[in-house]
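# Tertiary structure, described
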Amino acid sequence: MNLNASFVLAKELKNPGVEHVDHLLFSNNAKFLLTAGDSDKVFVWNTETFRTEQVLENKGWGQVTCLAWAYADSPGGEAITVLCVGSVAGSLTMFIMDSRSVKPFKERGTMTQIFTSNDTVENVAFDKITGRLVASSHSGAVKMYHVEATAGLVRLIWEAPSHRPGIPTSVIFYGDKNQNLLSFGLEDGVVHCQDAANGNILWNKELASGIGSAALSSDQKAVIVNNLNNGNFDVYQPPDMSPLQSLAVGDSKTTHCYFIKQCKFIEGSKLSICGSHNNKVYIFDVANNYILQTLTSSDKDTHMTQAVAVTEAESRKVFIAASSNGSIYLWEKRAVTLTTGHLNSESRPGTTLYGYLRTHSPLFFFVALVTYPTWSPHAFAIYTYIISKMTENGLIREEGA
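Because the structure is a prediction, the values reported are computed rather than measured.

### Here we look at the overall build of the chain
Along its length, the chain carries 3 helices and 28 strands. Taken over 401 residues, the chain has a buried fraction of 51%. If you take every contact in the chain between residues at least 6 apart in sequence, the share linking residues at least 24 apart comes to 47%. Accessible surface for the chain amounts to roughly 19300 Å². Of this, 53% is attributable to carbon and sulfur atoms.

Here's what the structure looks like:
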C-alpha cells in the first residue's frame, strides 16, 4: 500500500438478529462478503449495493463455526465454486455458487456429517493445487478429503486422531506444492507439521504462547499468529518458525489477552491486517513493524474487533472487513489526493507518513528555530563546500568569469 492510497469506510452492515459476528469471507471477485456468527445463518452481502443477496440457513447446524471456499472443474470443463460451511454439530455443508441464478447460491446445500455431533468443525481449508480439503475438529482430529464439487460431496482420503491436548485454532496448507499441513494449538501453542498426503507428523514447534489465530502469507515467507499471552501478533519465518517481529496492537487489559483476534496478510508478506482488543483495525508494514493506517470500527473503544477479512489477490477491488459489537465494517482501498492537504477521515493524522509530517511540522519549525545557532555553521560549511566543488567542475560559473 503506497502513500497515495488509503482505506476508507464504505459501509456499516448489520446481520438481523445476530449479536456477534465471528466469520467473514470475501468471494474471489470481491462482489460478495459472507458473514456468520452465533446463529445457524450465513448472510451473503453484495459489496456494490450493500444489500443482503441471500441468507443460507440450516437448523441442523446449531451454529456456524467456519467458512471456506473450494474450487473444481465440472466434467465439461466449467469452473465450479463451492462454499463450505462448518458447524458446531460436526457437519460440513457445501453450497454450489450459481452465477446464472438470481441468487448467488443454490438454495439447498449438501450436508455431510464429518465429525460426531458433539465435535465441532473448527477449521476448513482448501488446497487449490490438488483439490483437497482438510477439516479439523474441536477434539483435535484432522481429516483430509477430495472434493467432488458437481455432487457437492467430499470423499475421505485419510484421517488422523488428535495429536494435541486441545483445540487446533488454524489449519493451513504449506509448501511449494502444498505438500505439508500446518496446525496451530490454541492452548499449548504448538505448531504441528503433517504430511498432507497421509497425515504423518513431520515436526513440532512450540511458539511463545497459546495461539488465537494464524495466517500464512501468499509468498509463504511469513506466518503471523495472535499471541494469547499479551494480545499482540507475533511474526515467524517458516519452515523453522524462527521469530521475526512482534506487532503491538496497544496495551491489552489482562482480561482481553485471551480473546481470539484474527489477522490476515495483504500484498504477499509486506502488510498485515490485525484485529484488536478495542475498536481498531491495524494495517502493519510487517518488515518495519510500522502501523501504516488505523481503521476505527465501533464508536466505543471498549468494543473488541476480533474478526477480520481481506479480498483475495486477484480481486479488482480491495476491501477490508471487520466485525465489532455485532456490526460489520467494510473499508475500500481508494486513491488519496495529497495535494489537497486533506486525508480521509479513516486515515488518522500520524498513521501515514504524510499525516505525521503535516501534524508535526510546527514542532519541526520551532525546534529548528531554537537550535539555529548550533546547526547553522555546519549547514553553511556544507553549502560552501558543495558550491566550491560545483565551480571546480564547471557546473556553475563564478560571477564576472
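Here the narrative resumes.
### Focus: the packing of aromatic side chains
The relation between two aromatic rings is expressed through the spacing of the ring centres and the mutual angle of the planes. Evaluated as defined, the whole model comprises 6 aromatic pairs. A centroid spacing of 6.1 Å and a plane angle of 65 degrees characterise the contact between Tyr-71 and Phe-126, whose relative ring orientation is edge-to-face. Here Tyr-71, found in strand S6 (residues 64–73), pairs with Phe-126, found in strand S10 (residues 121–127); they are 55 residues apart in sequence, far enough to count as distant.

### Brief notes about the pattern of salt bridges
Per the stated rule, a full pass over the model turns up 9 salt bridges. In this structure, the salt-bridge partner of Lys-143 is Glu-159, at a minimum N-O distance of 3.9 Å. Taken together, the residues Lys-143 in strand S12 (residues 142–148) and Glu-159 in strand S13 (residues 153–160) connect sequence positions 16 residues apart. A residue is classified by how much of its surface remains accessible, and Lys-143, at 15% relative accessible area, is buried. For Glu-148, the salt bridge goes to Arg-155, with nearest N and O atoms at 3.3 Å. A single network of salt bridges, built from pairs that share partners, joins Asp-40, Lys-41, Glu-57 and Lys-59.

### Re the nonpolar core
Among the nonpolar cores identified, the biggest contains 37 residues, and Leu-34, Val-42, Leu-83, Val-124 and Leu-133 are the most heavily contacted of them. At the level of elements, strand S3 (32–37), strand S4 (41–46), S6, strand S7 (79–87), strand S8 (91–96), S10, strand S11 (132–137) and S12 are the ones that each hand at least two residues to this core. Of all the elements, S6 adds the most residues to this core, at 7 residues. If you look at the next biggest cluster of nonpolar residues, it comprises 15 residues, including Leu-13, Leu-33, Phe-319 and Ile-328.

### Description of the pairing of strand S14 (residues 168–174)
Most of S14 sits out of view: 7 of its 7 residues are buried. In the sheet, S14 pairs with strand S15 (residues 180–185) via 6 bridges, with the strands oriented antiparallel. In the strand pairing of S15, Phe-173 is matched with Leu-181. Between S14 and S15, which pair antiparallel and follow one another directly, the connecting turn spans 5 residues, one of which, Gly-175, has a positive phi of 115 degrees.

### Structural notes on the sheet that holds strand S19 (residues 223–227)
Across the sheet, 4 strands lie side by side as S18-S19-S20-S21; this open sheet has antiparallel pairing. For this open sheet the edge positions go to strand S18 (211–216) and strand S21 (242–247), each flanked by a neighbour on one side alone. Going from strand to strand, the sheet's axes swing by 25 degrees on average, the running direction of each strand aside. With 4 bridges joining them, S18 and S19 adopt antiparallel strand pairing. Pairing of Ile-211 across the sheet is with Asn-227, part of S19.

### Quick notes on unusual backbone geometry
Pro-239 follows Pro-238 through a cis peptide bond whose omega is 5 degrees. One non-glycine residue, Asn-178, lies in the positive phi region at around 55 degrees. Tracing the backbone through its elements, the reader meets Asn-178 in the loop between S14 and S15. Residue Asn-178 is classed as buried on the basis of its relative accessible area, which comes to 12%. Positive phi, normally seen in glycine, also occurs at Asn-325, with a value near 55 degrees. For Asn-325, the location among the structural elements is in the loop between strand S27 (319–324) and strand S28 (327–335). By relative accessible area, which is 46% here, Asn-325 ends up partly exposed.

### What to know about the environment of Asp-285
For Asp-285, the location among the structural elements is in strand S24 (residues 280–285). A residue is classified by how much of its surface remains accessible, and Asp-285, at 17% relative accessible area, is buried. Taking the C-alpha atoms as reference, Asp-285 lies 4.9 Å from Leu-271; in sequence the two are 14 residues apart. In this structure, Asp-285 is in contact with Lys-270, Leu-271, Tyr-290 and Leu-292, ignoring residues within four places of it in sequence. Among the polar contacts listed, one links the side chain of Asp-285 to the backbone nitrogen of Ala-287, at a separation of 3.3 Å.

Rules and cut-offs
- Residues numbered from 1 in each chain as written.
- Predicted model: local features only at pLDDT ≥ 70, side-chain atom pairs only at ≥ 80, totals over all residues.
- Heavy atoms only, no water.
- Helix = DSSP H or I, 4+ residues; strand = E, 2+ residues; numbered from the N terminus.
- Buried < 20%, exposed > 50% of the residue type's maximum accessible area, 1.4 Å probe, protein only.
- Contact = heavy atoms within 4.5 Å.
- Areas by Shrake-Rupley, 256 points an atom, 1.4 Å probe, with all protein chains shown as cover.
- Phe/Tyr/Trp six-rings, centres within 6.5 Å; stacked < 30°, edge-to-face > 60°.
- Salt bridge = Lys/Arg side-chain N within 4 Å of Asp/Glu carboxyl O.
- Core = buried A, V, L, I, M, F, W, Y, C linked by side-chain atoms within 4.5 Å.
- Pairing = 2+ DSSP bridges.
- Axes fitted to C-alpha atoms, helices over the stretch in contact; angles between N-to-C directions.
- Polar contact = N/O pair within 3.5 Å; in protein donor to acceptor, adjacent residues only side chain to side chain.

What is shown is where atoms sit, not what they do.
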